[in-house]
Amino acid sequence: MTNETDLIIKKAGELGEKISQSEIFLSYKKASAELMANQDSFDKVKRFTRLSAVMREKQQYAEEITQSEMDEVRILAQNVFDDEIANNYIEVQNAFSSLMNDIFMEIEMKKTF
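First things first, this report covers the structure right here in the doc. (Residues numbered from 1 in each chain as written. Predicted model: local features only at pLDDT ≥ 70, side-chain atom pairs only at ≥ 80, totals over all residues. Heavy atoms only, no water.)

**A closer look at the overall build of the protein**
The number of helices and strands found in the protein is five helices and zero strands. When the helices and strands of the protein are read in sequence order from the N terminus, they spell out α-α-α-α-α. For the protein, the C-alpha radius of gyration of 19 Å lies well beyond 13 Å, the compact-globule estimate for 113 residues. In terms of its C-alpha atoms, the protein occupies a principal-axis envelope of roughly 60 × 35 × 20 Å. Residues counted as buried form 21% of the 113 residues belonging to the protein. Here the analysis covers contacts within the protein between residues at least 6 apart in sequence; of these, 64% occur between residues at least 24 apart. Roughly 8,700 Å² of accessible area belongs to the protein as shown, and the carbon and sulfur atoms make up 56% of that amount. The averaged location of the 21 negative side-chain charges in the protein is 4 Å from the averaged location of its 14 positive side-chain charges. (Helix = DSSP H or I, 4+ residues; strand = E, 2+ residues; numbered from the N terminus. Rg over C-alpha atoms; globule rule 2.2 N^0.38 Å. Buried < 20%, exposed > 50% of the residue type's maximum accessible area, 1.4 Å probe, protein only. Contact = heavy atoms within 4.5 Å. Areas by Shrake-Rupley, 256 points an atom, 1.4 Å probe, with all protein chains shown as cover. Lys, Arg positive; Asp, Glu negative; His and termini not counted. Charge placed at Lys NZ, Arg CZ, Asp CG, Glu CD.)

Next up, the structure:
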């Protein structure tokens, strides 16, 4: 490896270390563990996540979304919202995903071609 490559790898390791020590990452790990320890909450998040993905795919391909599908998403979303463990997981996951997106955007903005 070149000195430049070594430096890039070193900086990536430092970034990974900072992320793993951040409050947001530690909160994400805790919320994940709590979710995995509660089967009912886990199942709610799993069902909601799967149906949300199906709905996004339908939107992407301009497929019709039925009223019953919309109603099911609303019910599942309310179930997740009402479940403290599931809701906390979704909120923390969104915050962590936002951080990761911000990091990737910063890297993208620094590119020069």
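**As for the environment of Ser-27**
Among the structural elements, Ser-27 can be located in helix H2 (residues 23–36). Each C-alpha atom of the pair Ser-27 and Asn-79 lies 22 Å from the other, and the pair is 52 residues apart in sequence.

**Section: the packing of aromatic side chains**
Applying the stated criterion to the full structure yields three aromatic pairs. With centroids separated by 5.6 Å and ring planes inclined at 50°, the aromatic side chains of Phe-25 and Phe-96 adopt a geometry described as tilted. Note that Phe-25 is positioned in helix H2 and Phe-96 in helix H5 (residues 84–110), a separation of 71 residues in sequence. Given the relative accessible area of 13%, Phe-96 is considered buried. Every member of this aromatic cluster is reached through a ring pair, and the members are Phe-25, Tyr-28, Tyr-89 and Phe-96. (Phe/Tyr/Trp six-rings, centres within 6.5 Å; stacked < 30°, edge-to-face > 60°.)

**Observations concerning the environment of Ile-85**
Tracing the sequence through the fold places Ile-85 in helix H5. On the accessibility criterion, Ile-85 (27% relative accessible area) is partly exposed. Along the sequence, Ile-85 and Tyr-28 sit 57 residues apart, while their C-alpha atoms lie 12 Å from each other. Not counting chain neighbours up to four residues away, the residues in contact with Ile-85 comprise Glu-34, Leu-35, Asn-38 and Ser-41.

**Some words on the nonpolar core**
The biggest cluster of nonpolar side chains holds eight residues, and these are Ala-31, Leu-35, Val-45, Val-80, Ala-86, Tyr-89, Ile-90 and Val-92. The set of elements that each furnish at least two residues to this core consists of H2 and H5. At four residues, H5 tops the list of elements feeding residues into this core. Beyond its immediate chain neighbours, meaning those up to four positions away, Ala-86 contacts Leu-35, Ser-41, Val-45 and Val-80. (Core = buried A, V, L, I, M, F, W, Y, C linked by side-chain atoms within 4.5 Å.)

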